[in-house]
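Here is what each chain is made of, one letter per residue.
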Number of protein chains: 4
Amino acid sequence: MTIEGQDTDFVRPVRLGMVGGGKDAFIGAVHRIAARLDGCFELVAGALSSTPEKAQESGRALGLKPDRIYGSFEDMAKREARLKDGIEAVAIVTPNHVHYPAAKAFLKRGIHVICDKPMTSTLADAKRLAKAAEASSGLFVLTHNYTGYPMVRQAREMVEKGALGTIRVVQVEYAQDWLTVEQTNKQADWRTDPARSGAGGATGDIGTHAHNLACFVSGLRVERLAADLQSFVPGRQVDDNGHVMLRFAGGAKGMLWCSQVAPGNENNLKLRVYGDKGGLEWHQENPNYLHVSPFGEPPHVITRGGAGMSGTVAPATRIPPGHPEGYLEGFANLYKEAADAIRSHQAGKTSMGLLPGIREGLDGVRFVDACVRSSAKKAAWIELE
Amino acid sequence: MTIEGQDTDFVRPVRLGMVGGGKDAFIGAVHRIAARLDGCFELVAGALSSTPEKAQESGRALGLKPDRIYGSFEDMAKREARLKDGIEAVAIVTPNHVHYPAAKAFLKRGIHVICDKPMTSTLADAKRLAKAAEASSGLFVLTHNYTGYPMVRQAREMVEKGALGTIRVVQVEYAQDWLTVEQTNKQADWRTDPARSGAGGATGDIGTHAHNLACFVSGLRVERLAADLQSFVPGRQVDDNGHVMLRFAGGAKGMLWCSQVAPGNENNLKLRVYGDKGGLEWHQENPNYLHVSPFGEPPHVITRGGAGMSGTVAPATRIPPGHPEGYLEGFANLYKEAADAIRSHQAGKTSMGLLPGIREGLDGVRFVDACVRSSAKKAAWIELE
Amino acid sequence: MTIEGQDTDFVRPVRLGMVGGGKDAFIGAVHRIAARLDGCFELVAGALSSTPEKAQESGRALGLKPDRIYGSFEDMAKREARLKDGIEAVAIVTPNHVHYPAAKAFLKRGIHVICDKPMTSTLADAKRLAKAAEASSGLFVLTHNYTGYPMVRQAREMVEKGALGTIRVVQVEYAQDWLTVEQTNKQADWRTDPARSGAGGATGDIGTHAHNLACFVSGLRVERLAADLQSFVPGRQVDDNGHVMLRFAGGAKGMLWCSQVAPGNENNLKLRVYGDKGGLEWHQENPNYLHVSPFGEPPHVITRGGAGMSGTVAPATRIPPGHPEGYLEGFANLYKEAADAIRSHQAGKTSMGLLPGIREGLDGVRFVDACVRSSAKKAAWIELE
Amino acid sequence: MTIEGQDTDFVRPVRLGMVGGGKDAFIGAVHRIAARLDGCFELVAGALSSTPEKAQESGRALGLKPDRIYGSFEDMAKREARLKDGIEAVAIVTPNHVHYPAAKAFLKRGIHVICDKPMTSTLADAKRLAKAAEASSGLFVLTHNYTGYPMVRQAREMVEKGALGTIRVVQVEYAQDWLTVEQTNKQADWRTDPARSGAGGATGDIGTHAHNLACFVSGLRVERLAADLQSFVPGRQVDDNGHVMLRFAGGAKGMLWCSQVAPGNENNLKLRVYGDKGGLEWHQENPNYLHVSPFGEPPHVITRGGAGMSGTVAPATRIPPGHPEGYLEGFANLYKEAADAIRSHQAGKTSMGLLPGIREGLDGVRFVDACVRSSAKKAAWIELE
């Protein structure tokens, strides 16, 4: 236990383009910081908005060269693919319905894609994208960013190594409150518009994160579910609260709650996993701590960088224990690993490591699709497609 | 905010008998401390065990006079009813299946009953007991003790007064870990034996508490539910984990999780209620704090005895803020209020106040019954009977 | 780990009298509940107020027989000592300046004394009382009630057994906020009047608790200190905030903060002890948890009744882990142990066990005296007398 | 309350050099990430180690051009000052004793300095540096990074606006455990060597942070102190634990504890401030929450980005509430503001805003100096020079 920092040895930064993420966007700015944090990417091109002036204005604000500011992702994909120093990877940070066409445009040109979640707004698109990715020489990374937190990695490894025994119960929840009342702003608008977000509201926006986290840590896949979705705010077209019962392959059971109408919850993603030998608990809002309870022993805490943390997790942290890392650092871990994966791939050796990709993307869209179908059948149990 | 204590002005203590609660019992000792804490009861008779020697030994250990130690509750009911200074009330703290016959024996003689939960081990018994209570001049108090916590009362009152607006979502959970592995001791034995505990295991033992708490605070009744119950420990005859989705009268929805196989959870009863104007959260394991989040305002904490606590709640506390009260004090509140109710009743004025009784008991047994029926139908949605 | 309760086997309750504790008192009510909780005492006599009508009224309110209600402690001591079924013990719960004369009156008649802290209002009185106790056949118990908490006992035992190695640093604080502004009520009045409380204000009222707790757990005695005391509220005659640096015998150092003007602190007594092998932390406001940090290992939590709790601590708890015990239960532990000590003493075998008595009382008054003297010398370092 | 991200509009990044921060350094890596996070700086030159090969190796690892890798800060200062595109600012991240000569070398050439704390290793150096800064056209920024946390800014503004009334008490502590036992590694070596770290050990390394934070938030300066410093680990030449009593200008009093031998404390910097109208509390290890307790009202929490946060604080956050920001983001705030200050200064308008600089640096070194002098006089009270 000493205080040592680490940053990444120099490798030429990956040339990055961005689709979406213009003024007033949320997640685009997050992706840019994440890409910048470890110095592994250089943003050189962008189709930052579907509105031409906004695309220009946003590109200039980010210091892009004028000829690398594009009015559409199609233009960008075509031209960048032909440039000698064209982008090597693209970050797609648009509303969900654009994920598929944009990703396809770059993948078919061999440009690596780093795409925000959910992978697509429909299951059909997800399946098409899976094929496009298979046919491409480019990598596809899905930013299920919560898997980038070191203590989530620690949890996953402990479960995998049997520290909890056979998993019996998974409790996961993701609660927010910002949609408690009707909202009219850019973020609320598209996230509550089924044409842009997909048929799931809270389910698609945050339920997918909860589902992904539960599966990532437990190592289990959801086979069946019963979902009781609701739009509590009058006039809202998509669910803003979802109660879901889960059955996992192998016999574990779970509950998932996602809500955007739960006052007092800012971004309360919480996971608890219980097996016949122990339990663990992790809270996104205070993410540097993993609470571990071996059955019959005093509960203990593994801290990021502290005693008991696995050596395999260490590369996902930058600073000593007690110096909190947060959301951006977890997100940046995916970017750093994407850069590593891209460099390895360019060197002929493809390895995604723990990076979420097509499989996780498909699972997530299947989850949303199943929730919506179940809820339409009065919350009946259904199989995931 | 000053430091003042309070204890109860003298009224002659209520003469109390006890059925069950002999050596090795858990809840009997709790009832005795609760009865003693505020000086409102005097334990004078007991049928403390169905095993004669144990009944004798336990009675002597409690300082009962020899002629007030009984071998059966029937004997006790008959004789005490005839004594000039016979018991005025009886505490029934046996395994669940004995609740009904014992309560009936005393009620039919006009002796007030303070009964542990769940009210009975079957729904049929519950209905019979409801009739017996109706026909009796005695009161029936059900010790859903968590309703005795001051901050639970505070929560209830705030919801009732509209502080949260229209209730939308109720999340309640009650997790323990002591049955994670097979146990063979008195407590585990009867609680996992359907003949004695009823068809519900965790559902009946702790799920009923969670259900009761959710209804008490929200003021809502459960209309429909879907329950996925499980016995994770091989050979166990009743559920040790239950996932339940709830629909309340009026449109609110909820989830209830009860588990006795969740390592790291000692007695983790937690309630969260969300309305269109705010949310609240309460944890049994740190019960002196109520977390309140009016939408759009900073979250705040109402502490037992502190600023913002309602005056109507104050009589349920004894010591200043920061001097923690716990499980026994909450339990004792029910006893104190039972004594008050008995004295009022004797004076011709019946008022149960917030005390749980037959209605809550019936609701609890209906809840367990519905969970078991739903789970048997592959967790289908069903109405509560 | 199972759920079992325990209460105390029957022994004839100790006949108890009380001095002080009439209407509007705080700590008298606490003592009565503590005495009642485990059924080990029966309150049969009282000199509950120095105001005759109030003494009468308070005695009747507590159900005392008219001839056992006294107008002064002297009367009570004299008469009770002569009664065949006179009190065996007396609880002294008056303002501090009465502790000495009252205790003396009972001790000299061989009646056991259970006295609230600080032992006396002056060091001279403390020394006199020590002599009176030595000369008496009665026991003297000082209710430094925080030593009654099970997890405080656990901490003490762990330190004693070397779990932390050699103790280096002790940090203790006791902060409240009720005297942030001027108060005029019974509790505030005497506690801020040096004639009744002694020369120390916060120091005597709560600083002594902090000092006692630090010594009890660390096993160390304070040798020297430097105290910077202050009365922040204009016109207040005693300190309402004290900063103290401590040097313990053996080389450990510490800091003690006591304050009654720290808004947001209800009864925030907190102890941290650090040695060369580990550290521990305990919070009175959430007292069922002991946080333990062996150096180089993940920190863990020992819970009341949970894994890792010492068997010697178990008798100081009544209910299973997760069912919180609090202030009254901790206080009741001292009463239960006092009853045990009295019964043993009557049987010819004197053992105080962990009960605080004269030695702790003297140490506490010495601490207050030293704080006041140091502060008067511009917070110079001084030896404890 | 909506979810919006923000990053900084494009301004040409400031060209940055770095002194120190080669392989195995801790704080150099932190500075680089902080400089990179918001895209406001471009690292173009470095004298990263006093060992020539290490300087080369470290420079290459960071992607510096060969001719911008220097063997000494003197060389770098001289040459960069003459380059057309030479560095505009330099980050000094060496052991403390090098801060003064390095800062002087750049300041005298008008190159802006961003220097790690404490400002210098001796008070004499601090005074000389103050003069050098006064004579320079360059800015001097001291990275007391904890002032960069949004909720620390919130606290400071609330105190300034009178939310707590007149400040009475300031309790601050900074505890770590990594030096509990003897350590032999780069970080421990220089930090426990008085020639490199200065006469203060824990006092200089972390005590200065605590002192700075207390003053920054309270708006008060320490006038007198009494410090009891100790080296608990045998053979250690500087203090590893310090207890300090503080008197602030205006009458407030405080305590400061700094320790590097407190097992279980990773980087536990905690501040509490109390006035006659309220109190507040902030914990570095969970820094997104500010606990506020107006006297007589329920305590509430202001969250980063949440309700009640001041608009002036908002620019210091990047992501919505509930998405935790941590140590690096707080540090990056100072870098972003340094870039702003540099650009403004270049435009003829000098404003340091909340950035710590010479004054804070001098105060910090005076604090350490006073602690060491006081402790040498048996912890006597002394004035700050």
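Just so you know, these numbers come straight off a predicted model, no measurement behind them.

What counts and how
Residues numbered from 1 in each chain as written. Chains lettered and ligands numbered in written order. Predicted model: local features only at pLDDT ≥ 70, side-chain atom pairs only at ≥ 80, totals over all residues. Heavy atoms only, no water. UniProt positions renumbered as here; feature names shortened; annotations may be inferred. Helix = DSSP H or I, 4+ residues; strand = E, 2+ residues; numbered from the N terminus. Buried < 20%, exposed > 50% of the residue type's maximum accessible area, 1.4 Å probe, protein only. Pairing = 2+ DSSP bridges. Contact = heavy atoms within 4.5 Å. Buried area = accessible area lost by both parts, 1.4 Å probe. Salt bridge = Lys/Arg side-chain N within 4 Å of Asp/Glu carboxyl O. Polar contact = N/O pair within 3.5 Å; in protein donor to acceptor, adjacent residues only side chain to side chain. Nonpolar A, V, L, I, M, F, W, Y, C, P; charged D, E, K, R; others polar. Axes fitted to C-alpha atoms, helices over the stretch in contact; angles between N-to-C directions. Domains from an automatic or database assignment.

(A) Layout of the UniProt feature "domain: GFO/IDH/MocA-like oxidoreductase" (unreviewed entry) in chain A. Here, the residues flagged by UniProt with the feature "domain: GFO/IDH/MocA-like oxidoreductase" (unreviewed entry) are residues 152–281 of chain A. Annotation note: span residues 152–281 of chain A, helix share 28%, strand share 35%, distance between end C-alpha atoms 10 Å.

(B) Structural context of the pairing of strand β13 (residues 300–303) of chain C. Residue and element names in this part refer to chain C. Judged by which residues are buried, β13 turns out to be covered on both faces: His300 and Ile302 on one side and Val301 and Thr303 on the other are all buried. With four bridges joining them, strand β12 (residues 289–294) and β13 adopt antiparallel strand pairing. Residue pairing for β13: tyrosine 289 is matched across the bridge by threonine 303. Where β12 folds back onto β13 in an antiparallel hairpin, the turn is made up of five residues, including glycine 296, whose phi is positive at roughly 85 degrees.

(C) Spotlight on the interface of chain C and chain B. With 55 residues of chain C at the interface, the matching set in chain B holds 55 residues. Counting the surface lost from both chain C and chain B, the interface buries some 4300 Å², and carbon and sulfur atoms represent 57% of this. Put simply, chain C and chain B have zero salt bridges between them. Scanning the region where chain C abuts chain B turns up 15 residue pairs in polar contact (both at pLDDT 80 or more). Here the side of chain C that touches chain B gets six residues from one element, more than from any other, and that element is helix α1 (residues 27–37) of chain C.

(D) Up close: the pairing of strand β2 (residues 41–47) of chain D. Residues and elements named next belong to chain D. For β2, a buried count of five out of seven residues is recorded, marking the element as mostly surrounded by other parts of the structure. Sheet analysis places strand β1 (residues 14–19) next to β2, joined by six bridges and oriented parallel. The partner of methionine 18 across the bridge, within β2, is glycine 46.

(E) View of the environment of Asn212(C). All names here are of chain C. For asparagine 212, the location among the structural elements is in helix α9 (residues 202–218). When its relative accessible area of 8% is taken as the criterion, asparagine 212 is described as buried. In this structure, the C-alpha to C-alpha distance between asparagine 212 and lysine 161, residues 51 residues apart in sequence, is 20 Å. When neighbours within four sequence positions are excluded, asparagine 212 is seen to be in contact with His144, Thr147 and Glu360.

(F) Summary view of the interface of chain D and chain C. The interface is formed by 42 residues belonging to chain D together with 42 residues belonging to chain C. Summed over both partners, the interface of chain D with chain C comes to about 3500 Å²; 60% of that surface belongs to carbon and sulfur atoms. A salt bridge links Asp228(D) to Lys253(C), with the nearest nitrogen and oxygen atoms 2.8 Å apart. One can count 21 residue pairs in polar contact (both at pLDDT 80 or more) joining chain D with chain C. Of all the elements in the fold, those that place two or more residues in the side of chain D that touches chain C are β6 (167–175), β7 (222–230), β8 (241–248), β9 (253–259), β10 (268–275) and β11 (278–283) of chain D. In the side of chain D that touches chain C, the residues fall into 18 nonpolar, 14 polar and ten charged.

(G) Layout of the sheet that holds strand β5 (residues 140–142) of chain A. All names here are of chain A. Sheet architecture is open: five strands sit in the order β2-β1-β3-β4-β5, paired in parallel fashion. The sheet terminates laterally at β2 (41–47) and β5, the two strands that pair on one side only. The average undirected angle you get between the axes of adjacent strands in this sheet is 25 degrees. Each of β1 (14–19), β2 and β3 (89–92) is contacted by helix α3 (residues 73–82), which is oriented at about 125 degrees to β2, the strand it contacts most.

(H) Inspection of the sheet that holds strand β4 (residues 112–115) of chain B at higher detail. All names here are of chain B. Pairing is parallel across the open sheet formed by five strands, whose spatial order is β2-β1-β3-β4-β5. In this open sheet, the two edge strands, each paired with only one partner strand, are β2 (41–47) and β5 (140–142). When the angles between neighbouring strand axes are averaged without regard to direction, this sheet yields 25 degrees. Sheet strands touched by helix α1 (residues 27–37): β1 (14–19), β2 and β3 (89–92). Its angle to β1, the strand with the most contacts, is close to 175 degrees.

(I) Representation of the domain arrangement of chain A. Residue and element names in this part refer to chain A. As far as domains go, chain A holds domain 1 (2–145) and domain 2 (150–319 + 360–383). Taken over C-alpha atoms, the centre of domain 1 sits 26 Å from the centre of domain 2. With 27 residues of domain 1 at the interface, the matching set in domain 2 holds 25 residues. One can count two salt bridges joining domain 1 with domain 2. Summed over the shared surface of domain 1 and domain 2, the number is six residue pairs in polar contact (both at pLDDT 80 or more). Of all the secondary-structure elements, those providing two or more residues to the side of domain 1 that touches domain 2 are α4 (96–107) and α5 (123–135). A per-element tally of the side of domain 1 that touches domain 2 places α5 first, with four residues.

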